[in-house]
Each structure stands twice: as C-alpha cells, then as structure tokens.
Amino acid sequence: MNVQSYGKECIMTKYISVLVMWLQCLLFVTDADSYLGSSAPYFDKTASPNVTIIIDNTAELNCRISNLGDRTVVWVRHRDIHLLTVNQLTYTSDERFSSIHNPDTDVWSLQIKNVRTSDSGIYECQVGTTPAVGIPIYLTVVEPITTVLGGPDLYIHEHSTINLTCIVRNLPMPPSYVIWTHNNEEVNFDSPRGGVSVITEKGDITTSYLYIQRAKHSDIGEYKCSPSNANNVTVKVHILKGEQSAAIHQISNGQQRKYHRINIAIILLFVLIF
C-alpha cells in the first residue's frame, strides 16, 4: 500500500470514528430528554380550548395537568396580563373569580360567577416551571336576544288566525324547549277550544310559531314566549271586532292624510325660501 492510499484510509477511519461518537452522544441526549420529559408536567390538549356561556351564569375554565408534582398553578387574564389566582389563592379584588381543585383529580378550574360580556377573552392556565408553560382557553360570553315579531301589542281581527312568531338569537346551543303561556297559564293544545298548534324550528336562530285559529274574545291577553336557556318576552294580543277594525282603519287613513298635508306644506315652504 502506498503512502497516499494509507493516508486516505486513516482520514476515512477518523471520520467514521467521529460519526460513531456523534451518534452515540445523540442517542444519550435523546434518552436523557425522554427520561427527564417523562416527569415534566404536561397539559391535556384533547379538550376544546373554546368555552361559550350565557351572560349571568357561572363559567368554569378547566385545565387538566399531568405530572404536576409540587409545582404552582397560575391563572392569568391576557387582556390586562392580570394574575387572577395562584393555586387556590385569589389575587384579584373581583370576588367573582376563584380557583377550584379537587385533590383526587388533575383538573384545575378557574370559576367566574355572574359572567359579563366584558369577561370574554383569553385566559391562560400556567405551571410554574422554568420557563413557565401554559395553555390558553378562549371564553365567549353571549347575551341571548328573544323577540316576538310585531310586539309589544298585536291587533288581530276577530275570527282570523293569531300567528305569534318568537325568535331567539345569540345562543351557544338551541333551547331544549320553548314554552308559550297565555295570561300566565301554559298554552293547552288539548283544550276544548281547539285550533291551537306550535311549530318550533331549532338552529343557530331558533323560531317558534304559535297558531290560534278563529280568534275570539277569550284569546285576548298576554302571551309569553319562554325559551329554556334565554330570556322570555311578552306581547299583548287585542282582538278587534268589525266596528273596531273599521275605526282603526279610518284612524290610519286620517293619519296618512295628515302626514300627506304636512309633507306638502314642507315642500311649499322649501320652494318659497330657496
């Protein structure tokens, strides 16, 4: 073997030795990281990070931590970087906030009573490691809106069909039921009166229709639409007989003529000035 070939072989052997040593070091570091990581705290990220709740209820933001040990759990509000709780101690003057933990579980909860729309935002559950690790939870507080079309007073012609339409918006989920009452008594579909029916369509916007055929004097009064998870709303139904209907029609026509004369006067005044 000549000198040149021998030199190349030595260099190649050196490179191989270095490569083997590097691989051995890499395997050692990986094993060490795996060992250390097995005892490090970590969060359960399978739960949804989004929480939606109706105003004035109690919100609970849950944070599941494994391998916590004796480390500290902190809840922080992102909006103003405000420290809310440390373990089960509260660090805010707002008494609606508190930290809840059952020693038999690995769940830490931030409880907010009587939530307001201003409470919406990001809250972070942090563990006191170096550096600190945390998981954000997004809270949305919604205010349901319930309306009955045409309210608060509805004028119905006698013998016609009463059609009350109740619309419910801004709910995290549709109401499980919608109850209609008449003068504080639940509407009875099986009463001898007959001709009463309800159709409720649930979705992002829930609509409930109350139909009462052949309106009569006993149908006068207050009707209340009460969704299971939203505010209720009341309308007052007036039944018009033939003479009353004609009188209202005349009043309506008289008002239209009055507004027409006023509009003409305004136009003439405008022409005279300019």
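Notes on the structure follow.

An order of β1-β3-β8-β7 is seen for the four strands of this open sheet, with the pairing classed as antiparallel. Strand pairing shows two members of the sheet lacking a second neighbour, β1 (42-43) and β7 (97-101), which therefore form its edges. As judged from the five bridges shared by β7 and strand β8 (residues 107-112), these two strands associate in the antiparallel manner. By the bridge assignment, F97 is partnered in β8 with I112.

A separate point is the nonpolar core. Ranked by size, the top nonpolar core spans 24 residues in total, and within it I162, L164, W180 and L210 carry the most contacts. Every element with two or more residues in this core is listed here: β12 (153-157), β13 (162-169), β14 (178-182), β17 (206-212), β18 (221-227) and β19 (233-240). I162 has contacts with I156, L210, Y211, I212, A215, D219, V237 and I239, leaving out every residue within four places of it along the chain. Membership of the second largest hydrophobic core comes to 22 residues, among which are C63, W75, I135 and V141.

In this section: the side chain of T146. With respect to the helices and strands, the residue T146 is situated in strand β11 (residues 145-148). Polar side-chain contacts of T146 include one of 2.7 Å to the backbone oxygen of N231. Excluding its chain neighbours within four sequence positions, the residues that come into contact with T146 are C166, I167, V168, C225, P227, A230, N231 and V233.

One pass over the full model with this rule turns up six salt bridges. Put simply, D80 and R77 hold a salt bridge, and the shortest N to O gap is 2.9 Å. For D80, a relative accessible area of 37% corresponds to the partly exposed category. You can call R77 buried: its relative accessible area is 10%.

We now examine the sheet that holds strand β5 (residues 82-86). As summarised here, the arrangement of the six strands in space is β2-β10-β9-β4-β5-β6, forming an open sheet in which the pairing is mixed. Two strands lie at the open edges of the sheet, namely β2 (50-54) and β6 (89-90), each paired on one side alone. Across four bridges, strand β4 (residues 73-77) lies against β5 in antiparallel orientation. Looking at the pairing, V76 lines up with L83 of β5.

With that settled, consider the state of the cysteines. Applying the stated criterion to the full structure yields two disulfides. Here C63 pairs with C125 through a disulfide, and the sulfurs are 2.2 Å apart. One quick way to see it: the torsion about the S-S bond of C63 and C125 is about -75 degrees, and its sign makes the bridge left-handed. Pair noted here: C63 is in strand β3 (residues 59-66) and C125 is in strand β9 (residues 121-127), with a separation of 62 residues, a long-range link. A residue is classified by how much of its surface remains accessible, and C63, at 2% relative accessible area, is buried. The disulfide partner of C166 is C225, and the S-S distance across this bridge is 2.0 Å.

Here is what the cut-offs are and how they apply
Residues numbered from 1 in each chain as written. Predicted model: local features only at pLDDT ≥ 70, side-chain atom pairs only at ≥ 80, totals over all residues. Heavy atoms only, no water. Pairing = 2+ DSSP bridges. Helix = DSSP H or I, 4+ residues; strand = E, 2+ residues; numbered from the N terminus. Core = buried A, V, L, I, M, F, W, Y, C linked by side-chain atoms within 4.5 Å. Buried < 20%, exposed > 50% of the residue type's maximum accessible area, 1.4 Å probe, protein only. Contact = heavy atoms within 4.5 Å. Polar contact = N/O pair within 3.5 Å; in protein donor to acceptor, adjacent residues only side chain to side chain. Salt bridge = Lys/Arg side-chain N within 4 Å of Asp/Glu carboxyl O. Disulfide = S-S within 2.5 Å.

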